[in-house]
Amino acid sequence: MKQQGVHPEGAESTSDASPRPDITGEVREEVHIDEVEGDEPLLPARVHRPSDLMRLLVGVLAVALLLGIAAFAHGTTSGLEQDINKGTGQAPDLLIKIAGLASSIAILLVPVAFAIERLIKRDGLRIADGVLAAVLAHGVTLATDLWVAKAAPGSIQEALTQPSPGDIHALTDPVHGYLAPVIAYMTAVGMSRRPRWRSVLWIVLLLDAFSMLVTGYTTPFSIILTVLIGWTVAYGTLYAVGSPNVRPTGRTLMAGLRHVGFRPVSAAREEGPDAAESDRGRRYFVTLEDGPPLDVTVVDREQQAQGFFYRAWRNLTLRGFATRSSLQSLRQALEQEALLAYAAIAAGANAPKLIATSELGPDAVMLVYEHTGGRTLDSLADDEITDDLLRNTWHQVQALQSRRIAHRRLAGDAILVDRSGTVILTDLRGGEIAAGDLLLRMDVAQLVTTLGLLVGAERAVASAVGVLGPDAVADCLPMLQPIALTRSTRATLRRLARERAQREREAVLEASQQAKQARLEAAGHDDASPVVLEKPDKKAVRAEARAEKRAIDDALEEAREEDLLTQIRHEVLLIRPQAPVEPARLERVRPRTLMSFIAGAIGAYFLLTQLTHIEFGPLIANAEWGWVAAAVLFSAVSYVAAAMSLLGFVPERVPFPRTVAAQVAGSFVKIVAPAAVGGVALNTRFLQRAGVRPGLAVASVGASQLFGLGCHILMLLSFGYLTGTEKTPSLSPSRTVIAGLLTVAVLVLVVTSVPFLRKFVVTRVRSLFAGVVPRMLDVLQRPQKLVTGIGGMLLLTACFVMCLDASIRAFGDESTSLSIASVAVVFLAGNALGSAAPTPGGVGAVEATLTVGLIAVGLPKEVAAPAVLLFRLLTLWLPVLPGWLAFNHLTRKGAL
């Protein structure tokens, strides 16, 4: 099989007399046959590099920082401009004219010259990228100029512009319309990576900036903004369209081997197609004309970028030992792997012997090792993994640890076993020398987990204790947690956890069916015989339910299995009962803490935007504080009602005070998520933590939501009907209600008639209310629970309606009061829209709906606006702090 590269022909073999490029790009006559075997995938012509995205983000932040300095540091910008004008004003006129003329000519000729060079070398794709970036940069400059002239604050306009020397009534351009596109073009085509062109580029830019500053046609901030815009647009373009793939092909590899003195005959890829997605490099088996074969690893920029965002996240959230640098150059990667290879062999461990390194052009490197052979530990059969092999593996790790070398990736595919049974540690690229105790203990925890997945916890721990000793193994227990393990190991543990959960579910279903069959047999009939409906005996029904629950619990207890990490802990504790078992704190920032911080920031932002345009003086002076106190009381009682509406659909015993606290915590959660999503997720999580099985918890919350939806619709129709009959002697409903019903009917018909919409709605409803019907049947057998649930829903709606009515009365008088039915219709409509709106807590949609609705039913605008503000403060914003406290309290107690 022939290797396929980025070229259309894909073939990687040449004849004896064909001219071939070497690693420097020159053409030489070769007399060897290059044959690169292996089923390599066709490499993409373009790749999206994370480094381009990072540079784009840095550029955007730099532009924002520059504009912030210009807006708020007015004195600094003015002083800087005065100092520069004073210093450049003494420059000779002849020098200024020469610099201006030279820069004007060069800034146009340099890009054209570079384009001609690239076209001669058949690199037209880079020129196309540069032209696209230049066009986009020109558009951004025009938009920036328009924004500065029309809408920017005066301080920014003053920092970026000044009176034009030719016309004092006109201002200079904030961004240079020709300089930013040139910078974008030069950056996108890669001139900065070529030393000679880079020097010319910097000289041209400095000359142009000097001449523009001296002649008074720009400001220092305008120059900096121009450079940042061109630079940012260029990298944004490169990331969006992708950079040309410069991954070396097989012929480049063969030429590189000859460049360092080898005489290769053929090379074959050792990995499958998935290796292209790995950051470990491509590996080749190379045969030579004379001498033993070689193992060659090729690392290029694209493969090195694999896993960049994962490494960046690990470095951000974990402490300093997390991973290697996210932005590591090829030279650094080569030096690190070479250093680790030499250090491992010097420590006495069996590791591949590095015999040569070389660059394969500017975008790839290769590392040449002596051929080791063998199979990975993962690929061995169970009977091949003997106790001697396990001890040999631990001896290799012990050799590394004796010299303070951390491997960092002791997974099964990084351990080779040759034909003689010798263990060889590979993949040392991510290791670390002079490692601390924490990293060394993490290696022990990783390897004992890797071996436990293959041979079980007992043999894995026994082999570790036999080589390292019980104390060294016991010290690794605090590191025995998923976050300290490799990515592949965590994925395997998650898969095993899903399989255990599936076996537990199957055991529960089987126990339930057996209990049902036993109940039918006890009643004197089976599934095939007709069931005679008789009046059930309540005591007998309860006894059967308890018996079924005991059978399910026994089956669940019998089917429950411990995870591998727990088994390893138990095995170690049998040897060292006093060993520390509390997991070490490895996270620098926990995801939950980060989410809480983001949630607080979002809530504060929405709150400030709501309150900035409100004049509180007149509101406080004119408010009726008695009605304000009543509104506060109704808002507080609503949390008790919400707890009742939830527990009414949960047959299991759940503490009522803690349920009320969970509803208070929901006032914090709905600030960062739509109301229809955050509340469901929090209540489901709360019930699971309270001991309700996951499926039943979801069903209980779904039943509560379904009943709540039905009550909401019935109350909206009922109050709407009453509102339509308030001002007419007849009982005919209002036209608004009829129009609303017709609109709903039309929407239902449209959804049911369009297959795509029907499938979408059915899928969402089915996933939300899966298991709701059986749960409802359980609740219907307990009338007290059903009354509690429905009563809680009615009380919850009544509390909100009375809170809104009290808020209206706090700012109005008898002449502006509304009926309870009108207030209820407005609230129910606003609440429905708030649940459907994608904004957190329905912010914006609810306020607009309530205000417009109150005005539509006859309330003056001067009363409606402050009443809605007070209502939203009491029901949304003020409970955020108590909700945050309740959320953290329940989290610490393990209730969330």
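Residues numbered from 1 in each chain as written. Predicted model: local features only at pLDDT ≥ 70, side-chain atom pairs only at ≥ 80, totals over all residues. Heavy atoms only, no water.

A. Layout of the packing of helix α14 (residues 437–455) against helix α15 (residues 457–468). One can describe the packing of α14 onto α15 by two numbers: an axis separation of 7 Å at closest approach and a directional angle of 140 degrees. If you check the angle between α14 and α15, you find them oblique. α14 and α15 meet at a crossing whose hand is right-handed. Along the contact surface, α14 presents Val444, Val448, Leu451, Gly452 and Val455, while α15 presents Ala457, Arg459, Ala460, Val461, Ser463 and Leu468. In the contact of α14 with α15, the residues fall into eight nonpolar, two polar and one charged. (Axes fitted to C-alpha atoms, helices over the stretch in contact; angles between N-to-C directions. Helix = DSSP H or I, 4+ residues; strand = E, 2+ residues; numbered from the N terminus. Parallel < 35°, antiparallel > 145°, perpendicular 65-115°, else oblique. Left-handed = near helix turned anticlockwise from the far one by under 90°. Contact = heavy atoms within 4.5 Å. Nonpolar A, V, L, I, M, F, W, Y, C, P; charged D, E, K, R; others polar.)

B. Representation of the sheet that holds strand β11 (residues 375–376). Strand order in the open sheet formed by three strands is β11-β12-β13, with antiparallel pairing between adjacent strands. The open sheet has two edge strands, β11 and β13 (423–425), and neither has a second partner. Of the pairings in the sheet, the one linking β11 to strand β12 (residues 415–417) comprises two bridges and is antiparallel in character. Residue pairing across strands places Thr376 opposite Leu416, the latter belonging to β12. Against the sheet, helix α13 (residues 387–402) engages β12 and β13, with an angle of about 35 degrees to β13. (Pairing = 2+ DSSP bridges.)

C. Structural detail: the confidence of the model for the protein. Averaged over all residues, the pLDDT of the protein equals 75, while 68% of them reach at least 70. In the model of the protein, strand β2 (residues 27–29) stands out as the element of lowest mean pLDDT, 38, in contrast to α13, which has the highest, 94. In the predicted structure, residues 272–278 sits below a pLDDT of 50 and forms 11 contacts with residues beyond four places in sequence or in another chain. Counting interchain partners and residues more than four positions distant, the pLDDT-below-50 stretch residues 726–734 has 13 contacts. (pLDDT = per-residue confidence, 0-100.)

D. Examining the nonpolar core more closely. In this structure, Trp394 and Ile568 are the most contacted members of the largest nonpolar core, which totals 55 residues. Counting only elements with at least two residues in this core, the list comes to α12 (330–346), α13, β12, β13, α14, α15, α16 (470–475) and α19 (564–575). When residues of this core are assigned to their parent elements, the largest contribution, nine residues, is made by α14. Setting aside chain neighbours within four positions, we find Ile568 in contact with Val448, Thr449, Ala457, Val461 and Leu480. Grouped together as the second largest cluster of nonpolar side chains are 35 residues, Met715, Leu818, Leu850 and Phe871 included. (Core = buried A, V, L, I, M, F, W, Y, C linked by side-chain atoms within 4.5 Å. Buried < 20%, exposed > 50% of the residue type's maximum accessible area, 1.4 Å probe, protein only.)

E. Region of interest: the pattern of salt bridges. Within this structure, the stated rule accounts for 13 salt bridges. Across the salt bridge formed by Asp471 and Arg576, the nearest N and O atoms sit 2.9 Å from each other. Of this pair, Asp471 sits in helix α16 while Arg576 sits in the loop between α19 and α20 (591–611); the two residues are 105 residues apart in sequence, bridging distant segments of the chain. By relative accessible area, Asp471 is classed as partly exposed at 47%. A salt bridge links Arg495 to Glu499, with the shortest nitrogen-to-oxygen separation between them at 3.1 Å. Residue Arg495 and its partner Glu499 are both found in helix α17 (residues 487–523); the two are separated by four residues, about one turn of the helix. Beyond isolated ion pairs, a larger network of salt bridges with shared partners links Arg409, Asp413 and Asp427. (Salt bridge = Lys/Arg side-chain N within 4 Å of Asp/Glu carboxyl O.)

F. A look at a nonpolar patch on the surface. Nonpolar side chains collect at one region of the surface, where Leu706, Leu709, Ile713 and Leu717 lie side by side and expose about 320 Å² of accessible area between them. Position of Ile713 among the secondary structure elements: in helix α25 (residues 694–725). (Patch = residues over 30% accessible without salt bridge, like charges linked within 9 Å, V, L, I, M, F, W, Y side chains within 5 Å. Areas by Shrake-Rupley, 256 points an atom, 1.4 Å probe, with all protein chains shown as cover.)

G. Spatial organisation of the packing of aromatic side chains. In the structure shown here, the tally under the stated rule is four aromatic pairs. Between Phe668 and Phe887, the ring centres sit 5.6 Å apart and the planes meet at 55 degrees, which makes this aromatic pair tilted. On the criterion of sequence distance, the pair formed by Phe668 in helix α23 (residues 656–672) and Phe887 in helix α33 (residues 880–892) is long-range, its members being 219 residues apart. The same class applies to Phe668 and to Phe887, which are both buried. Stacked on the ring of Trp627, the Lys or Arg Arg809 has its end atom at 5.4 Å from the ring centre. (Phe/Tyr/Trp six-rings, centres within 6.5 Å; stacked < 30°, edge-to-face > 60°. Lys NZ or Arg CZ within 6 Å of the ring centre and 35° of its normal.)

H. How the structure looks around the side chain of Thr486. Here Thr486 lies in the loop between α16 and α17. Relative accessible area serves as the criterion here: at 11%, Thr486 is assigned to the buried category.

I. Summary view of the pairing of strand β8 (residues 294–300). Most of β8 sits out of view: seven of its seven residues are buried. Pairing of strand β7 (residues 282–288) with β8, which is carried by five bridges, proceeds in the antiparallel orientation. Looking across to β8, one finds that Val286 is bridged to Leu294. A loop of five residues connects β7 with β8, the two strands running antiparallel in sequence, and Gly291 in this loop sits at a positive phi of about 110 degrees. Bridge count between β8 and strand β10 (residues 364–370): seven bridges; the pairing is antiparallel.

J. Up close: the state of the cysteines. Scanning all chains against the criterion turns up zero disulfides. Cys799 takes part in no disulfide bond, and the closest cysteine sulfur, belonging to Cys803, lies 8.8 Å away. Its relative accessible area of 5% is what places Cys799 among the buried residues. (Disulfide = S-S within 2.5 Å.)

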